[in-house]
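One-letter residues, chain by chain:
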Amino acid sequence: MIIALNNKCNLTKPEFITYQKELTHLSTTATLILCPSSLYLGEIAPSSIKLGAQNVSSTECGAYTGEISASQLKSASVKYCIVGHSERRANQHETDDEIAKKIKLLLKEEIIPILCVGEDKTKRQENLQLQVIMEELKMAMKNLSMEEQKKVIIAYEPIWSIGTGIIPTNNQIEEVINAIKKLYPENQVLYGGSANEENIDELKNISCIDGYLIGGLSLKPEKLKIFLEKLEN
Ligand code: PGA
């Protein structure tokens, strides 16, 4: 089981220092991946928690002000990197082409991409979720060999569920994850979108889920502890 913690653009430096200490009290058999603000990537104390980034440049090192390259992430011991999060697709206008380039560069540096895909509310209402997701996957994976493809962790994140407290039904999640696994049978698939310590009792009944990508809850170590306990018992 994989639990990836997406802190997004949260926590000042003093807050992050306290937060990091609190995280060390978590005990779990899952692979915990912490994706903090990139500002703190070089400051993580060694622990069993793996290091993830929230973004990477679509270019190699060079004259790209403000960017962080995959080789720089690797040199900071980053092992995973979120790519194609819906917030970046919407706010930074990240394109499928850029996402595909990022994934290729990450794999070259042996960093595992966590590729986010998911439909918005309108596409869900039109019952077009599978078309949207399959197209996003096809575009993101287009530069990859079969061997490379298998390494990508796929995160199903319905956009209408992110940060809203609304989660799909178990059947809706199963429909999507099973469709993804039909085409990408060797990839691990996570669910993300308002997963929390209250709905985990229901979510954990979905056997095809290989883990969770967690936003809001990642900032609350006490509640995260309850989430992990419930997940494992
Ligand atoms: P959420 O965010 O858990 O706050 O809904 C998930 C994500 O955006 O990865």
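Read on for a plain summary of the structure. (Residues numbered from 1 in each chain as written. Predicted model: local features only at pLDDT ≥ 70, side-chain atom pairs only at ≥ 80, totals over all residues. Heavy atoms only, no water.)

Within the closed barrel, the 8 strands sit side by side as S1-S2-S3-S4-S5-S6-S7-S8. Their pairing is parallel. Across the sheet, the mean angle separating the axes of adjacent strands is 25° when strand polarity is ignored. When strand S3 (residues 50-53) meets strand S4 (residues 80-83), the two strands line up parallel, connected through 2 bridges. Counted as the bridge partner of glycine 52 is tyrosine 80 from S4. (Pairing = 2+ DSSP bridges. Helix = DSSP H or I, 4+ residues; strand = E, 2+ residues; numbered from the N terminus. Axes fitted to C-alpha atoms, helices over the stretch in contact; angles between N-to-C directions.)

Turning our attention to the pairing of S3. Relative to S3, strand S2 (residues 31-35) runs parallel, the two being bridged by 2 bridges. Across the sheet, the residue bridging to isoleucine 33 is lysine 50, located in S3. Regarding topology, helix H2 (residues 70-75) serves as the crossover connection from S3 to the parallel S4, and that connection is right-handed. (Right-handed = clockwise from strand over helix to strand, strands pointing away.)

In this structure the tally under the stated criterion is 17 salt bridges. The partner of lysine 150 in a salt bridge is glutamate 186, with the nearest N and O atoms 3.9 Å apart. With a gap of 36 residues between them, lysine 150 in helix H7 (residues 146-151) and glutamate 186 in the loop between helix H8 (170-183) and strand S7 (189-192) connect regions that are remote in the sequence. Accessibility expressed as a relative area gives 32% for lysine 150, which makes it partly exposed. (Salt bridge = Lys/Arg side-chain N within 4 Å of Asp/Glu carboxyl O. Buried < 20%, exposed > 50% of the residue type's maximum accessible area, 1.4 Å probe, protein only.)

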